[in-house]
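Residue strings, one per chain:
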Amino acid sequence: MLTRIPKGTKDVLPSETAKLQALESVIREKTRLAGYQEIRTPVFEHTELFTRSVGESSDVVRKEMYTFLDKGDRSITLKPESTAGVVRAFLEAGMHNQALPIKLYYLYSPHFRYEAPQAGRYREHHQFGIECFGATQASADAEVILLAMDLFQTLNIKNLRLRINSIGCPVCRPAYKEKLLSYLRARRDLLCDDCKDRIEINPLRVLDCKVQSCQAQLKDAPRMLDHLCDECAQHFASLQAFLDAAELPYIIDTGIVRGLDYYTKTVFEITTDTATGTLTACGGGRYDGLVEELGGPSIPAVGFGMGMERVLMLLDAQAEEDRTLDVPASTPDIYIAPLDPSLAPIAFRLLNQFRSLGLKTDMNHTTRGLRAQFKYADKLQASYVAILGEDEAQKGVIKLRDMQSGDEWEASLTEAPQMMADRIAQKAERK
RNA sequence: GUGGGUAUGGUUCAGUCGGUUAGAACGCCAGAUUGUGGAUCUGGAAGUCGUGGGUUCGAGUCCCACUACCCACCCCA
């Protein structure tokens, strides 16, 4: 082979695209019911969009972006996440002047992050995500979470955990940060090397360090939840009330901080336990300051991103017992087998006629003999084979064979298409 | 970036103590009364054994380096 697939990328082969399409149609139905409209934004944006929104201190911006100069010396970045681009488009289209709230979703949006690939992690991955602009109330946060959980439930994916947390707002977070900072600085020597760096870059991130010795040191660390301002505390309490009303079980996990800097108040993750560890299938939260940060008016927003590859992984993991998204293979109704190349034009005309009547039809395009054509038709699981030989051509008929029963009969070339359309429609009805 | 594992036809793998023309299964192609599939049988195509070096009379096999992939850490979806 000349060259192989780039590291961290994945081909989606026909065996998987069918499942993916089924997943997409479920998603489109769920978003439709909840009043979301689709938006598609470019694969690349100006680098500044991400440094401003995702944040200079985030791992994503610091070491994972695919950034390059284009021929006009503009710094361009392949999008590492979709929210920033959606906010940009929202503002650029003047949607902030329309009646709010406005709900947008994106589907199979490609994301690029330069990371070491491993199970469920790619350098190019795709997300389904939703963003709700202009809703201040925690019912909107709950609705966003509900949509994700409802989708998982429809897909019959089990063993998921909803974890929620509040990381405060510009009113209460700075004071808390100071408190945490002094706590961490006092224990600096006892923390791992990574955390020593994190203290100054983004002290909140120390909280979700997985190193045991760090976790031990963090046991008595001040928690954001205990230092929320009145508004944030009320918002968080309200969120829980809405989740309770929807009977969505959740865990309050003060370790959830999120790697993107634009979040405020609500953050959440939907995780699953795999053989090796915990994998996040969906993550999101509220970002009340982002629209303004990107040059728009002060408009609150809340949303999530969901990893399509991970959802497919979860579906595959349960494929043994569950067939929620199984799609019947696209097998031909009729395979036309001309015996001699000279008869191919007649076969070709029939092919066209069958198809215009809505029948899935295929025909021989090789030099194979009849026997081999049958073998091929059998592999395609064709319902009928139409045989066209010299005898048939002279009589102006075609011989049809029901591949299941083995019955054979002749039909005139002019009547065969409609006759087969009726027959196949009847068969479908009986099912 | 760090650690571990793997690398042999299209796919999954075998290959002994280093020994001659590297095998199997599945898949693919063709044939088995000349115009009929699934089953069976027969035959065929397909591999510079990841790359480069070294040891040796001789390397798929032993040694070294490199690369790629997988898994894990970190972080995330």
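One structure accompanies this document, and this report is about it. Here the structure is a predicted model, which means the values were calculated and not measured.

**Re the environment of Ala-34**
At step 1: Topologically, Ala-34 is positioned in the loop between α1 (14-33) and β1 (37-38).
At step 2: Sequence spacing of Ala-34 and Glu-143 is 109 residues, and the spatial spacing of their C-alpha atoms is 8.7 Å.
At step 3: Dropping the residues within four chain positions of it, Ala-34 is found in contact with Lys-103 and Leu-147.

**Focus: the protein's contact with RNA strand B**
At step 1: Residues in contact with RNA strand B amount to 44 residues; listed here are only the nearest, Arg-113, Arg-121, Gly-259, Thr-280 and Met-403.
At step 2: Across the atoms of RNA strand B situated within 4 Å of the protein, the share located in sugar and phosphate is 53%.
At step 3: The backbone of Ala-119 places a nitrogen or oxygen atom 3.2 Å from a phosphate oxygen of RNA strand B.
At step 4: Broken down by secondary-structure element, the contributors of at least two residues to the surface near RNA strand B are α3 (59-64), β6 (124-133), β10 (278-286), α13 (370-379), α14 (390-395) and β15 (397-402).
At step 5: For the surface near RNA strand B, the element with the highest residue contribution is α13, accounting for six residues.
At step 6: When its residues are assigned to classes, the surface near RNA strand B shows 11 nonpolar, 10 polar and 23 charged.

**A closer look at the packing of aromatic side chains**
At step 1: If you walk through the whole model with that rule in mind, you get 10 aromatic pairs.
At step 2: With a centroid separation of 6.5 Å and 85 degrees between ring planes, the pair formed by Phe-133 and Tyr-287 is classed as edge-to-face. Within this pair, whereas Phe-133 is found in strand β6, its partner Tyr-287 is found in the loop between β10 and α10 (290-293), the two being separated by 154 residues in sequence.
At step 3: Each ring, one from Tyr-335 and one from Tyr-376, has its centre 5.8 Å from the other, and the planes form 70 degrees; the classification is edge-to-face. Residue Tyr-335 is located in strand β12 (residues 334-338), and its partner Tyr-376 is located in helix α13; the two are separated by 41 residues in the primary sequence.
At step 4: On the basis of relative accessibility, which here comes to 2%, the residue Tyr-335 falls in the buried class.
At step 5: Classification of Tyr-376 by relative accessible area gives partly exposed; the value is 33%.
At step 6: The side chain of Arg-368 reaches across the aromatic face of Tyr-376, ending 5.2 Å from its centre.

**Here we look at the sheet that holds strand β11 (residues 301-307)**
At step 1: Strand order in the open sheet made by the eight strands is β1-β5-β6-β11-β10-β9-β7-β8, with mixed pairing throughout. Unpaired on one side and paired on the other, β1 and β8 (251-252) mark the two borders of the sheet.
At step 2: Pairing of strand β7 (residues 160-166) with strand β9 (residues 264-273), which is carried by seven bridges, proceeds in the antiparallel orientation. Note that in β9 the partner of Ser-166 across the bridge is Thr-266.

**Some thoughts on the packing of α1 against helix α5 (residues 138-154)**
At step 1: For the pair α1 and α5, interaxial distance at closest approach is 11 Å and the crossing angle is 140 degrees. Looking at the two axes, α1 sits oblique to α5. Considering only the axes of α1 and α5, their crossing is right-handed. In this structure, α1 uses Val-26, Ile-27, Lys-30 and Thr-31 to contact α5, whose residues at the interface are Leu-147, Asp-150, Leu-151 and Thr-154.
At step 2: Residue classes in the contact of α1 with α5 are distributed as four nonpolar, two polar and two charged.

Quick notes on the rules
Residues numbered from 1 in each chain as written. Chains lettered and ligands numbered in written order. Predicted model: local features only at pLDDT ≥ 70, side-chain atom pairs only at ≥ 80, totals over all residues. Heavy atoms only, no water. Helix = DSSP H or I, 4+ residues; strand = E, 2+ residues; numbered from the N terminus. Contact = heavy atoms within 4.5 Å. Near = heavy atom within 4 Å. Polar contact = N/O pair within 3.5 Å; in protein donor to acceptor, adjacent residues only side chain to side chain. Nonpolar A, V, L, I, M, F, W, Y, C, P; charged D, E, K, R; others polar. Phe/Tyr/Trp six-rings, centres within 6.5 Å; stacked < 30°, edge-to-face > 60°. Buried < 20%, exposed > 50% of the residue type's maximum accessible area, 1.4 Å probe, protein only. Lys NZ or Arg CZ within 6 Å of the ring centre and 35° of its normal. Pairing = 2+ DSSP bridges. Axes fitted to C-alpha atoms, helices over the stretch in contact; angles between N-to-C directions. Parallel < 35°, antiparallel > 145°, perpendicular 65-115°, else oblique. Left-handed = near helix turned anticlockwise from the far one by under 90°.

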